[in-house]
Each structure stands twice: as structure tokens, then as C-alpha cells.
Amino acid sequence: MTSLDAEGLVKLYEPGDPPLFLMRGESFVYAKVPPGTRVLYPRPPLPGFANLRAEAERAIDHPVGMDPLRAYLKPGMKVTIAFDDISLSLPKMRSPDCRQVVIELLLERLAAAGVDDVHLVVAVCLHRHMHDWEIKEMLGRRIFNAHWPKGTLYNYDAEDPEGNIVLGHTDHGEIVEIQKRAATSDLLIYVNLNLVALNGGHKSVGVGLATYRCIRPNHNCETQMNSRSFNDPPRSRMHQVIDRIGRYVEKHVKVFHIEMTVNTDTFPGYLGYMQTQETTWSWFDKVSARVTQGFLQCTPLALNRQIFFANKAPYGVTSIQAGEAEAVHQLTLKHLYQQQLIRVQGQCDILIVPIPYVMPYSVHSVMNPILVYAMGLGYMFNFYKGKPLLKAGGSIIFLHPLENKFDPVHHPSYSDLFDKLQITRDPHEVDRRWADALARDERYIRLYRFHHGYHGFHPVSMWNWGAHGMKHCGQVIIVNPRSPEAAQRLGWETAPTLEDAIAQARAKQGAAASISVIHSPPIAMWEVE
């Protein structure tokens, strides 16, 4: 392959090059692509901190836009520490999770200052509540044992009528309704793990601790359709609404933000070849890849998922900053883009996208059809800054097994919405007809509050999440799905092989159509020049 950039991350596939090793859900495929295809590789991991605790101490003692944390601490005060849920990181981080390291430090500082009224809240918004064993794994046994039994460590409940409070309305009329405990604390500390640019900033409190009524204006179809992209906050209407809510919150609540970024060290050492370029593989890497691919082709997808979920990412933390929300988040975005953002020349007519085995809402679950839709057309498509990799009207090809399966515990309302898509797929209509109906369904509210189900509105938000990508693409093809019926209901075409999918795309885009393939995971995003 010939490098098209100075870093060697953008390559031109040539005759005689080895096949690409691409993820396809819970397995891998070896893929030969036409000569001239542009292959886009993620940037190798930047160095992580050798001593995260020391860096965390530096950050809270030298924050940006605020005084050091110790200046706000007084005996007898009321403090709430909120943190991101299991949707971050992907895959889950090897222990100790960076949130554990930071929260242990915070609890020590609070105790030393005589602060004993402390609550720890998982900022799930409308996501499923984390299981107790998942929280213990994230925060460690010591924090869990000290706080879970006495009820000072828990999941946020967006449907608790006594547990939320309306602070007021933004100047655009959006209601600002968040957790009462956080809103009435003398100090709210938010600990964020920032995996992609769409997270963090005002989204942490303004979404993570907010009710359906509060997030409805920023998660409806119209707002998400006009977010270009989710990972380019100044061009994202969703972030503009969230920022208004966050700024309103901070007029009433003292909030101290802590944000961390991680590198792209996604797989443990024995799977390290998965995040390198095939032309650099040793003979051992080649044998390992061949054995892994062959094994995963012979085993059930459900078992493969368990195998992948058991692997923890050795992510290194590349930055930590603390203080005022917007000042902190500007630094976070700078570090995040330094790792993930790659410049490429020109858009393409055909884009090949491998979809991995997990997305934010399928941890310890199957990735149901709506989540595959959201992962492909919402998350993967939106990894751009400025303009998409794919030209408007272009063809996008997904590699994923796509099963027509739903987790009955985590995703009960998803199967309900999937049935309704037989009536209409139009995102505006879906949002208009079923957002409020599913959100207010008493059964789904009960399952969300007490049985680890995603909120009734969540599948509609995921349909909205892919709306811009679906509208932008002229053709969506998925290769060899387990359920062609599910693909049809999503409005996608199918093809038995990647070669056939490329032929279908060329039939629409022309024989000379330009092709690009994204070689992820790990995560990368693209800035088209």
C-alpha cells in the first residue's frame, strides 16, 4: 500500500496487497478491496500517564476557570459526585477504571475537609440502570462497599417524581429539570471519561442528570437531523441546546468538572494486532489473526460476545483537566482530536464501514437492529468534523451480522418500536407518533426504574440518532445479515459478499466511483479537506 499522508494513516490499496482484517460484529473477515481503494487507519495510541493519581491531584489543585477544589470544601456541606455510566468506555477499561482513581482521590479530599454528606450518582439519564456488580467493577470494592449498602451510591432515576426538580427555563423556553440531590448540593462534582467529542462539557450534567422533559428538545428528530456532526460541537444543534441547559444549571448550582481523555489502546496485548496495519504484522500476528478468525466463525455469536466482553481495554489516560465546564471541555476536545482526528483529501462515493460487536447501549446485550442502525448511521457516520467522508447521495456498506434479536431485560421498548417501523420509517413521523407515547408508557417507566430496562423514549432517540446519516446516504447496503428481514425493515439493501456489495454500489455510483474503507476499531474521526 502507498501512503497518502505523512503519518502513514491513509493508504492506497494496490494489487498484491494482503487482505484487510476487518471486524464484522462478533467476528472478523479477510477482505480484498479493489485497487485504488483508500484505507483509513486510526492513529496509534499516544502515551498515557504513568501516574494518573498524581495528574488528578494536579488537575484539581490547578483547575481552569475556577479556584482549586479545596477552596470550596467546608465541614458539614452537602456534596454530590456524578459520573458516567457503562456506556463509556468501549470496550470497558481494565481495572482500575480511571473514574475509580479520581473518585477515590475526591473522597479522601472530602473526608480530610470534614465533608461527610456525600452521594455518588451514576449519571444514566434515560439509559438502563447499571447492575450492582457493574458498579462494583467500575469503582472498585472499597468505594462500593462503603457506599452501596447505605444508599449513598446509586443510579440516577429520571422518573422519580420526588427526586427531580425544575430549576426554570432557558431563554429559548427549554425546561431545565435535573436531579434534586445534585441541584440542591452545595457542590456538584462531575467526573467524566471522554471517549468521543460528543460527550462531556455541558452534556455531562445537562443530559446525564436530566429528565425526559429536559432532554426532549435536544434529542428530538429536528435537532439531531441538524447536528453536523455530533462530534463537531460548534456545528451540532444538539450541543447548542445542551449548552443552554448547562449554562442555566450553572447559574443555580456550583459545578466542578473533571474530564479525562484516553488513547486508542483498545485491545489487550495478545490481540494487539487488531489495532495495527496488516502490512506491519509479524508471522505470529498473522497466525494469531487466522486462528482467531477461524475460531470465531465456528462458535455462536452469543458466545463470541461473551468472549469479547471479557476483554478489557488497556486504555491510557492522555489528559485530565478540571474546573469550569467550557474551559475544561475546550482542553478536552484539543486532546481528543490530537489522538483521533485525521485529515484526508476529498470525500468518496462509496464508504465501507465495519461495525464492531459493541456500541454504547449494547454492553452485556445483543446489538439489536435499531442499535445497529444507530451505530452505523449515527455513531460511525458521524465520526467527522466539517463534512462527511461520504458524498451526499453516496453508498455506504456495513459489515455486521445483524440479527433480529432483542435483549428482553435491557431493550423491551426497542422491540416495540421495531414493530412500529412496519408502519413508517420516516424519522419525523416516528418521533411525532411514538416519542411521547413510549416515554410515558407506565410499563416501560417501571422497567426503567426497577428492572434495568432502557427508558421507553430511548429507541426513538436512537432512530433520531441515525436520521442525518440515513438522509445523507443514497444507498445503504449490509453484507450477509443473519436477518435480511430486519435489514429490509431498516430500509437497507443486502448483499451476500463484500464484492457483491461493492458491485451494487458501483451500479449506482458508476464504475469509476471512489471507495474508502474505515479500518476501525480503534476509534478515529476524519476531517475532509
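Details of the structure are given in the entry above.
Residues numbered from 1 in each chain as written. Predicted model: local features only at pLDDT ≥ 70, side-chain atom pairs only at ≥ 80, totals over all residues. Heavy atoms only, no water.

**Q** Describe in detail empty space enclosed by the protein, supporting the description with residues and values.
**A** Over the atoms a probe the size of a water molecule is rolled, and this reveals where empty space is left. A complete count under the given rule lists six cavities of 30 Å³ or more for this structure. Taken as a whole, the second largest cavity holds about 110 Å³ of empty space. Lining the second largest cavity are 13 residues, with Lys92, Met93, Asp97, Glu137 and Met138 sitting closest to its centre. If one sorts the elements of the lining of the second largest cavity by residue count, helix α3 (residues 132-139) sits on top with three residues. Looking at the lining of the second largest cavity residue by residue, the classes come out as five nonpolar, two polar and six charged. (1 Å grid on protein atoms, 1.4 Å probe; cavity = no way out; pocket = protein on both sides within 12 Å on 5 of 7 lines; lining within 4 Å. Points joined across faces, edges and corners; volume = space filled by probe spheres on them. Helix = DSSP H or I, 4+ residues; strand = E, 2+ residues; numbered from the N terminus. Nonpolar A, V, L, I, M, F, W, Y, C, P; charged D, E, K, R; others polar.)

**Q** Describe the environment of threonine 276, naming the residues involved and giving the relevant values.
**A** Looking at the secondary structure, you find threonine 276 in the loop between β12 (255-262) and α10 (283-298). Its relative accessible area of 30% is what places threonine 276 among the partly exposed residues. Taking C-alpha positions, threonine 276 is 38 Å from proline 427, a pair spaced 151 residues apart along the chain. The residues contacting threonine 276, other than those within four sequence positions of it, are Trp281 and His519. At 2.9 Å, the side chain of threonine 276 forms a polar contact with the backbone oxygen of tyrosine 273. Only 3.0 Å separates the side chain of threonine 276 from the side chain of tryptophan 281, close enough to count as a polar contact. (Buried < 20%, exposed > 50% of the residue type's maximum accessible area, 1.4 Å probe, protein only. Contact = heavy atoms within 4.5 Å. Polar contact = N/O pair within 3.5 Å; in protein donor to acceptor, adjacent residues only side chain to side chain.)

**Q** Explain the side chain of histidine 455 to me, using residue names and the numbers behind them.
**A** Relative to the elements of secondary structure, histidine 455 occurs in the loop between α16 (442-450) and α17 (458-465). For histidine 455, a relative accessible area of 0% corresponds to the buried category. Reaching out from histidine 455, the side chain makes a polar contact with the side chain of glutamate 159 at a distance of 2.7 Å.

**Q** I'd like a rundown of the packing of aromatic side chains, residues and numbers included.
**A** Following the criterion strictly, the structure yields 22 aromatic pairs and no others. A connected cluster of aromatic rings, assembled from ring pairs, spans Phe21, Phe28, Tyr30, Tyr273, Trp281, Phe308, Phe309 and Tyr357. Directly above the ring of tyrosine 30 sits arginine 290, whose terminal nitrogen or CZ lies 4.0 Å from the centroid. A cation sits over an aromatic face here: lysine 385 above tyrosine 337, 5.4 Å from the ring centre. (Phe/Tyr/Trp six-rings, centres within 6.5 Å; stacked < 30°, edge-to-face > 60°. Lys NZ or Arg CZ within 6 Å of the ring centre and 35° of its normal.)

**Q** Lay out the pairing of strand β7 (residues 117-122) with the relevant residues and their values.
**A** Counting buried positions along β7 gives five out of six residues, so the element sits mostly inside the fold. Summarising the sheet, strand β6 (residues 78-83) and β7 pair through six bridges and their orientation is parallel. Of the residues in β7, the one forming a bridge with valine 79 is valine 118. Where the polypeptide runs from β6 across helix α2 (residues 98-112) and back to β7, its parallel neighbour, the crossover connection is right-handed. Sheet topology places β7 next to strand β8 (residues 153-155); three bridges connect them, and they run parallel. Residue valine 121 lies in a different strand from β8, and its bridge partner there is tyrosine 154. (Pairing = 2+ DSSP bridges. Right-handed = clockwise from strand over helix to strand, strands pointing away.)

**Q** Tell me about unusual backbone geometry, residues and numbers included.
**A** For the peptide bond that leads from leucine 90 to proline 91, omega is -15°, which places it in the cis range. Mapping proline 91 onto the fold places it in the loop between β6 and α2. Look at the link from serine 520 to proline 521: it is a cis peptide, with omega at 0°. Even without a glycine there, the phi angle at cysteine 125 is positive, about 50°. By secondary structure assignment, the location of cysteine 125 is in the loop between β7 and α3. In this structure, leucine 402 is a non-glycine residue whose phi angle is positive, near 35°. Here leucine 402 shows up in the loop between β17 (390-399) and α14 (412-420).

**Q** So what's going on with the state of the cysteines? Which residues, and what values?
**A** For the structure shown, the criterion picks out zero disulfides. Not part of a disulfide, cysteine 214 finds its nearest cysteine sulfur in cysteine 125, a span of 8.4 Å. (Disulfide = S-S within 2.5 Å.)

**Q** Outline helix α9 (residues 237-252), listing residues and values.
**A** For α9, spanning 16 residues, the distance from its first C-alpha to its last is 24 Å, which sits close to the expected 22 Å at 1.5 Å a residue. If you follow the buried residues of α9, they end up packed against β9 (164-169), β10 (175-179), α6 (203-208), α7 (212-219), α8 (221-225) and α17. (Expected span 1.5 Å × (residues − 1).)

**Q** Describe in detail a nonpolar patch on the surface, supporting the description with residues and values.
**A** Together, Trp283, Phe284, Val287 and Val291 make up a nonpolar patch on the protein surface, roughly 480 Å² of accessible area in all. With respect to the helices and strands, the residue valine 287 is situated in helix α10. (Patch = residues over 30% accessible without salt bridge, like charges linked within 9 Å, V, L, I, M, F, W, Y side chains within 5 Å. Areas by Shrake-Rupley, 256 points an atom, 1.4 Å probe, with all protein chains shown as cover. Salt bridge = Lys/Arg side-chain N within 4 Å of Asp/Glu carboxyl O.)

**Q** With reference to specific residues and values, describe α7.
**A** With six of eight residues buried, α7 is to be regarded as a mostly interior element. Within α7 the residues assigned to the buried category are Tyr212, Cys214, Ile215, Arg216, Asn218 and His219. Where α7 is buried, its residues meet β10, α6, α8, α9, α15 (427-439) and α17.

**Q** Describe the sheet that holds strand β13 (residues 317-323), with residues and values.
**A** Spatially, six strands are ordered β8-β7-β6-β11-β12-β13 in an open sheet, and the strand pairing comes out mixed. Edge strands, defined here as strands with exactly one partner in the open sheet, are β8 and β13. Each strand of the sheet is rotated relative to its neighbour by a mean of 20°, with strand direction disregarded. Bridge count between strand β11 (residues 187-194) and β12: seven bridges; the pairing is parallel. Opposite tyrosine 190, over in β12, you have histidine 257 as the bridge partner. Its contacts with the sheet place helix α1 (residues 52-61) against β12 and β13, and it is angled at close to 25° to β13. Against the sheet, α2 makes contact with β6, β7, β11, β12 and β13, and its axis sits at roughly 160° relative to β11, the strand it touches most. (Axes fitted to C-alpha atoms, helices over the stretch in contact; angles between N-to-C directions.)

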